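Fold and contact review
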Amino acid sequence: MVEHRQAQRRGRVLGGVRPAGEDHRATPFELFFDLVYVFAMTQVTGYMAAEHSAHGVLQGLLLLTLLWWTWSGYTWLGNQARADEGVLRAGMVVAMAAMFVIALTIPEAWQDAPGGLNGPLVLVGAYLLVRCVHLTVYAVAATGDPGLRRQVAITWLPTLAGGALLVAGALLGGWTQTLLFAGALLVEGVGVYLTSRHGNWRLHSVAHLTERHGLFIILAIGESVVAIGVGAAEQPISASLLVAAILGVAAAVCLWWLYFDVVSLAAEHRLLEARGQARVDLAVEAYTYGHFPLVAGIVLAALGVEGVLAHAGDREPLGAFYALPLVGGVVLYLAGQLVFKRRMHNMLSLPRLVTICVLLAALPAAVVAPPLVGLAGLVVILAALIVVETTRYAQTRRS
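First things first, this report covers the structure right here in the doc. (Residues numbered from 1 in each chain as written. Predicted model: local features only at pLDDT ≥ 70, side-chain atom pairs only at ≥ 80, totals over all residues. Heavy atoms only, no water.)

**Some details on unusual backbone geometry**
Using the following cut-off: Numbering of helices and strands runs from the N terminus; a helix is a DSSP stretch of H or I covering at least four residues, while a strand is a stretch of E covering at least two.
Phi is positive for H52, close to 50°, though the residue is something other than glycine. Structurally, H52 can be placed in the loop between α2 (28–51) and α3 (54–80). In the Ramachandran plot, N346 falls in the positive-phi region, its phi being about 55° despite a non-glycine side chain. Its place among the elements puts N346 in the loop between α13 (320–345) and α14 (350–368).

**Quick look at the environment of G21**
Using the following cut-off: We call a residue buried when its accessible area falls under 20% of the maximum for its residue type, exposed when it is over 50%, and partly exposed in between, using a 1.4 Å probe and counting protein chains only. Between two residues, a contact is recorded if the distance between any of their heavy atoms is within 4.5 Å.
Inspection of the secondary structure puts G21 in the loop between α1 (2–13) and α2. Overall, the relative accessible area of 30% leaves G21 in the partly exposed class. Expressed as a C-alpha distance, the spacing of G21 and G248, which sit 227 residues apart in the sequence, is 40 Å. Those residues in contact with G21, other than ones at most four positions away along the chain, are H204 and S205.

**Notes on the environment of I298**
Checked against the element boundaries, I298 lands in helix α12 (residues 292–310). Overall, I298 belongs to the buried group, its relative accessible area being 0%. I298 sits 74 residues away from S224 along the chain, and the two C-alpha atoms are 7.1 Å apart. Residues contacting I298, with those up to four places away along its chain left out, are I217, A220, I221, L255 and Y333.

**Looking at the pattern of salt bridges**
We count it as follows: Whenever a carboxyl oxygen of Asp or Glu lies within 4 Å of a side-chain nitrogen of Lys or Arg, that contact is scored as a salt bridge.
Applying the stated criterion to the full structure yields 11 salt bridges. Two residues, R212 and E30, come together in a salt bridge whose shortest N-O distance is 3.5 Å. Of the two residues, R212 sits in helix α8 (residues 206–232) while E30 sits in helix α2, which places them 182 residues apart along the sequence. The exposure class assigned to E30 is buried, which follows from its relative accessible area of 0%. The closest approach of N and O atoms between R82 and E85, which form a salt bridge, is 3.5 Å. For E85, a relative accessible area of 22% corresponds to the partly exposed category. Three or more residues are tied together by salt bridges with common partners; here these are R18, R82, D84 and E85.

**A word on the packing of aromatic side chains**
For clarity, the threshold we go by: Side-chain rings of Phe, Tyr and Trp (the six-membered ring for Trp) are treated as a pair once their centres are within 6.5 Å; stacked means planes under 30 degrees apart, edge-to-face means over 60, and tilted covers the remaining angles.
Under the defined criterion, the tally for this structure stands at 18 aromatic pairs. Considering the side-chain rings of F33 and Y37, the 5.7 Å spacing of their centres and the 55° angle between planes classify their relative orientation as tilted. Here Y37 and F33 lie together in helix α2, a separation of 4 residues that amounts to about one turn. Here the two residues F33 and Y37 agree in accessibility, since each one is buried. Centroid distance Y37 to F216: 6.1 Å. Interplanar angle 70°. Geometry classified as edge-to-face. You can see Y37 sitting in helix α2 and its partner F216 sitting in helix α8, a full 179 residues away along the chain. Per residue, the accessibility class of Y37 equals that of F216, and both read buried.

**Some thoughts on the side chain of R352**
The residue R352 is located in helix α14 in this model. Take R352: its relative accessible area is 7%, and that puts it in the buried class. Not counting residues up to four positions away in its chain, the partners in contact with R352 are L258, V263, L334, Q337, L338, L385 and E389.

**Remarks on empty space enclosed by the protein**
The rolling of a water-molecule-sized probe over the atoms marks out the regions of remaining empty space. Convention followed: Both site types are read off a 1 Å grid over the protein atoms alone. A 1.4 Å probe that fits but cannot get out defines a cavity, while an open set with protein on both sides within 12 Å along at least five of seven lines defines a pocket; lining residues have an atom within 4 Å of a point. Grid points are joined across faces, edges and corners, and a volume is the space filled by probe spheres set on the points. Under the convention adopted here, Pro, Cys and the residues Ala, Val, Leu, Ile, Met, Phe, Trp and Tyr are nonpolar, Asp, Glu, Lys and Arg are charged, and Gly plus all remaining residues are polar.
In total, this model carries 3 cavities of 30 Å³ or more according to the counting rule given. Considered as a void within the structure, the largest cavity measures approximately 210 Å³ in volume. Around the largest cavity, the lining is made up of 15 residues, and of these W69, G73, W76, V192 and W201 lie nearest the centre. Put simply, the parts of the chain that give the lining of the largest cavity at least two residues each are α3, α5 (119–141), α7 (174–196) and α11 (276–289). When grouped by side-chain class, the residues that make up the lining of the largest cavity number 8 nonpolar, 6 polar and 1 charged. Taken as a whole, the second largest cavity spans an internal volume of roughly 60 Å³. Taken together, S224, G248, A251, A252, L255, A301, V305, L326, V330 and L378 make up the lining of the second largest cavity. Ranked by the residues each element gives to the lining of the second largest cavity, the list is headed by helix α9 (residues 239–260), at 4 residues. Per-class residue counts for the lining of the second largest cavity are 8 nonpolar, 2 polar and no charged.

Limitation: the analysis is restricted to geometry and does not speak to function.
Below is the structure:
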């Protein structure tokens, strides 16, 4: 009761900022905020498909990293205080509009189209606005907590350093822009990580953090479903197209199952058991950084699924451009889960390790096989993994 009164009093002092408690969950406003990321991820997949090159895929992954970094920051902010009230809601509305601008400029992120504003500079400017609003509002939400305010102030250093590299890259263009964008994200990511170790970030609600990350995984898997529709667009309905669509949905279900059936539940319990700085370190390393390979793997797999649907009736080989993301994306997804489980439980999943090896061995065959055969083989391998784990870990899941 005393803590509740103190929280209410502090909320009045902060002009509508209400600190989050241990039982805090994701708010409807945060789900609304996530909608711009659905569009942005669709734009990233479309950009990689349109570029149709390894360089384009690399650029797409850099853009995805940029999106993930902004989303993670606002997730932690929503864990500090309620995102649907006061200054936090106002700040997130501004960030939401800026994120939509980022999504709109993704097709021109590396090459400005004739006429209008400079696409790369608009993207970088919108990104820096999102980051600056985040840190400013975070400082307001941290009022009364000197340690957290100091942590937020320190975070400005890698953010501004990375921002300078982004601006330089947008001005120079080409491969130089790619290298500077990668350097900017590396500087900001590594800088924030190093300053976070034994730092003063606060994790008020485990349920909120795990739920928010689970919801983003669902958004990414949803992008793979959208890719089915994109790949099937402007094609006549045929038996091969329907089979490819069913296989694409089955692949999406497998990805969902492999995260939500046991992994997410066990991780939340482990995070609840941790205390103090150990809990914060787990959250930072396993979720903020550890979940990005999962998201990247899903988006790459979505690119591969889109290619299969676009060539569902072909008897020609799928080719390396679509086969590598299709199989490699799932490999990255499973490898990310291996690292995630290792960090959370200090354990290694043998079935998933074996599945990764099988997929890597099957990758050359997927390149030369017809599209439907490659996707069907992937679904069979993932289904076999699910059957093995469902049988092996049935008691663990019940407990």
